[in-house]
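# Structural overview for review
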Amino acid sequence: MKITDTMRSTAYESVTSEKKSTKATVKQKKKQQDTFELSGDTGVTKTAVGGMSASSDEDELGISKKKGTNSYVVTFGSPAYVYRAVARGYITVNGVQVQLSDDVKKALTKQADETAEANERSIYEYIARNNAIVAKQQGDAMEETADDTAKAMRIMARIASGKRVPMKDREFLMKYNPKLYGEAESIGAIARMHKKKKDDKVEGEKDDEEKKPKEDYNKEMEDLTISHTNTTLEVSLDGGEATAGDVSSETIE
């Protein structure tokens, strides 16, 4: 089952449960008195931005006003919010209930499906890029280890043959493998006793500065971004009428 199907099914089950709960509350209140009021679905979000608010029952939605108009752009932070709003058939903007027509419901559902798939792709792409950096880092670490091993073997061979070796190379081998250094020195001492030439050339390893610079993997990780796409709905409150209009999307990097 696709992730969008699962989210939609869960949303409808959630709203069905809400409706059953509301009916039960109404029935109980009717038994107690002749008049009753619906509980729960106030539709007004607990937080508002600049006097504006948008919600779908308990789902708080984003809202922004279009300049110079009485129209608003409502943002659904999750496809699940869209599916639940469609199942309820309305949202609430600035305390006004906005009914969703069949065409708007279809457009919202289609956009929410595309949004869910886009966000899923974005997550997979982020994971793939992250894994690529990790694999590259591990590969470079293995290459560096192999380089150090090869360097240690070369230094050991020169010491064991009785050749003069720079102190920095001796220190490298001593730090890399003290036991190997000790054995090389022992063998080298015997080799030097049998050497006839005393003017042998001192051979040293290339400076570390000549190695290719290391990449900053931490910075590469920090530079990774993941995009998130939301479904949006334009709502007009002109002339005292609440109308749901264009359905679109916005992507946040």
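Now for a quick tour of the structure. Just so you know, these numbers come straight off a predicted model, no measurement behind them.

Quick notes on the rules
Residues numbered from 1 in each chain as written. Predicted model: local features only at pLDDT ≥ 70, side-chain atom pairs only at ≥ 80, totals over all residues. Heavy atoms only, no water. Helix = DSSP H or I, 4+ residues; strand = E, 2+ residues; numbered from the N terminus. Buried < 20%, exposed > 50% of the residue type's maximum accessible area, 1.4 Å probe, protein only. Contact = heavy atoms within 4.5 Å. Areas by Shrake-Rupley, 256 points an atom, 1.4 Å probe, with all protein chains shown as cover. Phe/Tyr/Trp six-rings, centres within 6.5 Å; stacked < 30°, edge-to-face > 60°. Salt bridge = Lys/Arg side-chain N within 4 Å of Asp/Glu carboxyl O. Pairing = 2+ DSSP bridges. Axes fitted to C-alpha atoms, helices over the stretch in contact; angles between N-to-C directions. Left-handed = near helix turned anticlockwise from the far one by under 90°. Nonpolar A, V, L, I, M, F, W, Y, C, P; charged D, E, K, R; others polar. Arc of directions from axis to C-beta.

### What about the overall build of the protein chain?
When you go through the protein chain residue by residue, the secondary structure sums to six helices and eight strands. Per-residue burial over the protein chain gives 32% buried out of 253 residues. Partitioning the contacts of the protein chain with sequence separation of at least 6, the portion at a separation of at least 24 is 61%. Surface accessibility of the protein chain: about 16,300 Å² in total, with carbon and sulfur atoms responsible for 53%.

### So, the packing of aromatic side chains
Applying the stated criterion across every chain yields a total of one aromatic pair. Plain terms: the ring middles of F172 and Y176 are 6.1 Å apart, the flat faces sit at 10° to each other, and that makes the pair stacked. Within this pair, F172 and its partner Y176 are both found in helix α4 (residues 167–176), separated by four residues, close to a single helical turn. For Y176, a relative accessible area of 36% corresponds to the partly exposed category.

### Quick look at the pattern of salt bridges
Applying the stated criterion across every chain yields a total of eight salt bridges. R88 serves as the salt-bridge partner of D59, at 3.8 Å between the closest nitrogen and oxygen. Of this pair, D59 sits in strand β2 (residues 59–60) while R88 sits in helix α2 (residues 79–88), and the two are 29 residues apart along the sequence. Just as D59 is buried, R88 falls in that class too. Residues E114 and K110 are paired through a salt bridge, measuring 2.8 Å at the closest nitrogen-oxygen approach. With E114 and K110 both in helix α3 (residues 102–160), this residue pair falls four residues apart, about one helical turn. A relative accessible area of 35% places E114 in the partly exposed class. Shared partners join several salt bridges into a network, and the residues in it are D57, D59, R84 and R88.

### Thoughts on the pairing of strand β3 (residues 62–65)
With four bridges connecting them, β3 and strand β4 (residues 71–76) associate as antiparallel partners. Paired with I63 across the bridge in β4 is V74. Here β3 folds back onto β4, and the loop between the two strands holds five residues, one of which, G68, carries a positive phi near 75°.

### Points about the packing of α3 against α4
α4 packs onto α3 with a crossing angle of 120° between their chain directions and a minimal axis gap of 10 Å. Pair α3 / α4 crosses with left-handed handedness. Together, D148, T149, K151, A152, I155, M156, R158 and I159 of α3 and D169, R170, F172, L173 and Y176 of α4 make up the contact between the two elements. In the contact of α3 with α4, the residues fall into seven nonpolar, one polar and five charged.

### Thoughts on α4
What sets the pattern is the α-helix's 3.6 residues per turn: residues three or four places apart point alike. Taken together, the buried positions of α4 are occupied by D169, R170 and L173. Buried residues in α4, looked at end-on, bunch into an arc of 100°, giving them a common side. Exposed and facing more than 90 degrees away from the buried side of α4 are M167 and K175. Buried residues along α4 sit in contact with α3 and α5 (178–193).

### What to know about the environment of Q111
Assignment of secondary structure puts Q111 in helix α3. With relative accessibility at 15%, the residue Q111 sits in the buried group. The residues touching Q111, leaving out its near neighbours within four places in the chain, are T231, V247, S248 and S249.

### A look at the sheet that holds strand β8 (residues 243–252)
Taken together, four strands build an open sheet; the order of strands is β3-β4-β7-β8 and the sheet is antiparallel. Of all the strands in the sheet, just β3 and β8 have a single pairing partner and so form its edges. The sheet shows a mean angle of 25° between the axes of neighbouring strands, taken without regard to direction. When strand β7 (residues 228–236) meets β8, the two strands line up antiparallel, connected through eight bridges. The residue bridging L233 from the neighbouring strand is V247, located in β8.

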